[in-house]
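Each chain is listed here by its residues.
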Amino acid sequence: MILKEIVTLLEADVLTSNADLDKEVPCAFASDLISDILMCTKEPTLLLTGLTNPQVIRLSDMIDLLGIVFVRGKVPPAELVQMAEERNLVLISTKLTMYRSSGILYNTGLRSCKI
Amino acid sequence: MAEYWNISPGLEAKAKAFLSAKPEADVNLDFEIGVKDFVNAGKGSAEVKNVLKRLGVDPVVLRRIAVASYEAEINVTAHSNGGIMHSYVYADLVYIRFEDKGPGIADIEQAMVPGWSTADELVREMGFGAGLGLPNIQKNSDLLHIESVAGGSTTLEIIIYYA
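Everything numeric here is computed off the predicted structure, so don't read it as measured data.

**Student:** Go over the confidence of the model for chain B, please, and point to the residues and values.
**Tutor:** For residues with low pLDDT, the predicted coordinates do not support detailed interpretation. Per-residue pLDDT for chain B averages 96, and the proportion of residues at 70 or more is 100%. Predicted complex, confidence summary: ipTM 0.88, pTM 0.93.

Take a look at the structure:
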């Protein structure tokens, strides 16, 4: 699945200006706990989260995140968007909840990332 | 003083020999870690990862190193009175030592239990405090050594081999 399809499925807004929406996304992970997210060390992944503090972007320096979807209408502060742009990391915001977003993507064939 | 050791099977002799010899590193990077400084927390680990990436370390090993180091950096940020991260890069391994200024870990065995946490509200709001920090460090490192004085300082050392 490519990012563009994910944006359409989640009726989402793209927050970063230099986003490559044709990037292929093989799998996803959803959590609001940073230590949980850090279990994704095996492969590049899309992250769904409600966290909007700078440490979420810092995570992408440690593990390979293909993009971050902020759920339930959360919009991160401007400095966080800038941090993401510096890293070529795509940020997306959807009004849907984490449960609903995950369900839609899973049902459309986006598998869970290996942990 | 309390102490905790965990070494991957088969690496005990090699890792302990390294620790007692501590040869001069190819690259040495030090970072100050501020109390509750969640703006800069993680920069040290990201920098070490970049150095290792340039050396051509395998991406999966790189992520293990980054996660172990980042969790330890966050622990010092969230729980201590500040500290220092010393990183030593060698041809076959990375050795990272975190030294803080207290207040010490009351019970290390308890702190190793997944899900157990002493994180305060501020730390939890940021998505930390899942009680998986130390277990994640252990899972991703070949050697983990913790020394802590109740009411005093804590030193946490990790070694990860590239292959």
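**Student:** Tell me about the environment of Ile-57 of chain A, residues and numbers included.
**Tutor:** Residues and elements named next belong to chain A. Relative to the helices and strands, Ile-57 is located in helix 3 (residues 54–62). In this structure Ile-57 comes out as buried when scored by relative accessible area, which is 0%. C-alpha of Ile-57 to C-alpha of Tyr-106: the two residues are 49 residues apart in sequence and 24 Å apart in space. Residue contacts for Ile-57: discarding those within four places in its chain leaves Ile-68, Leu-80, Met-83, Ala-84, Arg-87, Leu-89 and Leu-91.

**Student:** Give me the lowdown on the sheet that holds strand 2 (residues 27–33) of chain B, citing residues and values where you can.
**Tutor:** All names here are of chain B. Taken together, six strands build an open sheet; the order of strands is 1-5-6-4-3-2 and the sheet is antiparallel. Strand pairing shows two members of the sheet lacking a second neighbour, strand 1 (2–7) and strand 2, which therefore form its edges. Direction aside, neighbouring strands of the sheet carry axes that sit 10 degrees apart on average. With seven bridges connecting them, strand 3 (residues 83–89) and strand 4 (residues 93–100) associate as antiparallel partners. Across the sheet, the residue bridging to Met-85 is Phe-98, located in strand 4. The sheet strands contacting helix 1 (residues 12–21) are strand 1, strand 4, strand 5 (143–148) and strand 6 (154–161), and the helix crosses strand 6 at an angle near 125 degrees.

**Student:** How would you explain the interface of chain B and chain A if you had to name every residue and give the values?
**Tutor:** Listed by partner, the interface residues are 26 residues for chain B and 19 residues for chain A. Buried surface at the junction of chain B and chain A, both sides included, amounts to about 1900 Å², of which 55% is carbon and sulfur. Its largest share of buried area at the contact with chain A, chain B owes to Arg-63, Tyr-70 and Met-126 of chain B, together 31% of the area lost on that side. For the interface between chain B and chain A, the tally reads two salt bridges. If you look at where chain B meets chain A, you find 14 residue pairs in polar contact (both at pLDDT 80 or more). Taken together, the elements giving at least two residues each to the side of chain B that touches chain A come down to helix 2 (43–54), helix 3 (59–79) and helix 6 (133–140) of chain B. Looking at the side of chain B that touches chain A element by element, the count peaks at seven residues for helix 3 of chain B. Its residues placed into classes, the side of chain B that touches chain A shows 13 nonpolar, seven polar and six charged.

**Student:** How would you summarise the packing of helix 3 of chain A against helix 3 of chain B if you had to cite specific residues and measurements?
**Tutor:** Running from N to C, helix 3 of chain A and helix 3 of chain B point in directions that differ by 145 degrees, and their axes come no closer than 9 Å. Here helix 3 of chain A contributes Gln-55, Arg-58, Leu-59 and Met-62 of chain A to the contact with helix 3 of chain B, which in turn contributes Arg-63, Ala-66, Tyr-70 and Ile-74 of chain B. Among the residues forming the contact of helix 3 of chain A with helix 3 of chain B, the class breakdown is five nonpolar, one polar and two charged.

**Student:** Can you tell me about the nonpolar core, naming the residues and giving the values?
**Tutor:** Counting 35 residues, the largest nonpolar core has Leu-38, Ile-57, Ile-68 and Leu-91 of chain A together with Tyr-70 and Phe-128 of chain B as the members making the most contacts within it. No other element matches the five residues that helix 3 of chain B contributes to this core. Residue contacts for Leu-91 of chain A: discarding those within four places in its chain leaves Asp-13, Val-14, Leu-15, Thr-16, Ile-57, Ile-68, Phe-70, Pro-76, Leu-80, Val-81 and Ala-84 of chain A. In terms of nonpolar packing, the next biggest core, distinct from the first, is built from 28 residues, Ile-33, Val-51, Val-94 and Ile-96 of chain B among them.

**Student:** Provide a residue-level description of the pattern of salt bridges, including the pertinent values.
**Tutor:** Residues and elements named next belong to chain A. The tally for this structure, following the rule as stated, stands at twelve salt bridges over all chains. For Arg-72, the salt bridge identified is with Asp-32, shortest N-O distance 3.1 Å. Taken together, the residues span a long stretch of sequence, with Arg-72 in the loop between strand 4 (65–70) and helix 4 (78–86) and Asp-32 in the loop between strand 2 (27–30) and helix 2 (34–37) at a distance of 40 residues. Classification of Arg-72 by relative accessible area gives partly exposed; the value is 40%. Since its relative accessible area comes to 25%, Asp-32 is described here as partly exposed. Through salt bridges with shared partners, a single ionic network connects Glu-43, Arg-111 and Lys-114.

**Student:** Describe in detail the side chain of His-86 of chain B, supporting the description with residues and values.
**Tutor:** All names here are of chain B. Tracing the chain through its elements places His-86 in strand 3. A relative accessible area of 11% places His-86 in the buried class. Within the local environment of His-86, its side chain forms a polar contact with the side chain of Glu-99, the two groups lying 3.4 Å apart. If we ignore the near neighbours within four places in the chain, the residues touching His-86 are Leu-29, Asp-30, Tyr-95, Ile-96, Arg-97 and Glu-99.

Rules behind the numbers
Residues numbered from 1 in each chain as written. Chains lettered and ligands numbered in written order. Predicted model: local features only at pLDDT ≥ 70, side-chain atom pairs only at ≥ 80, totals over all residues. Heavy atoms only, no water. pLDDT = per-residue confidence, 0-100. Helix = DSSP H or I, 4+ residues; strand = E, 2+ residues; numbered from the N terminus. Buried < 20%, exposed > 50% of the residue type's maximum accessible area, 1.4 Å probe, protein only. Contact = heavy atoms within 4.5 Å. Pairing = 2+ DSSP bridges. Axes fitted to C-alpha atoms, helices over the stretch in contact; angles between N-to-C directions. Buried area = accessible area lost by both parts, 1.4 Å probe. Salt bridge = Lys/Arg side-chain N within 4 Å of Asp/Glu carboxyl O. Polar contact = N/O pair within 3.5 Å; in protein donor to acceptor, adjacent residues only side chain to side chain. Nonpolar A, V, L, I, M, F, W, Y, C, P; charged D, E, K, R; others polar. Core = buried A, V, L, I, M, F, W, Y, C linked by side-chain atoms within 4.5 Å.

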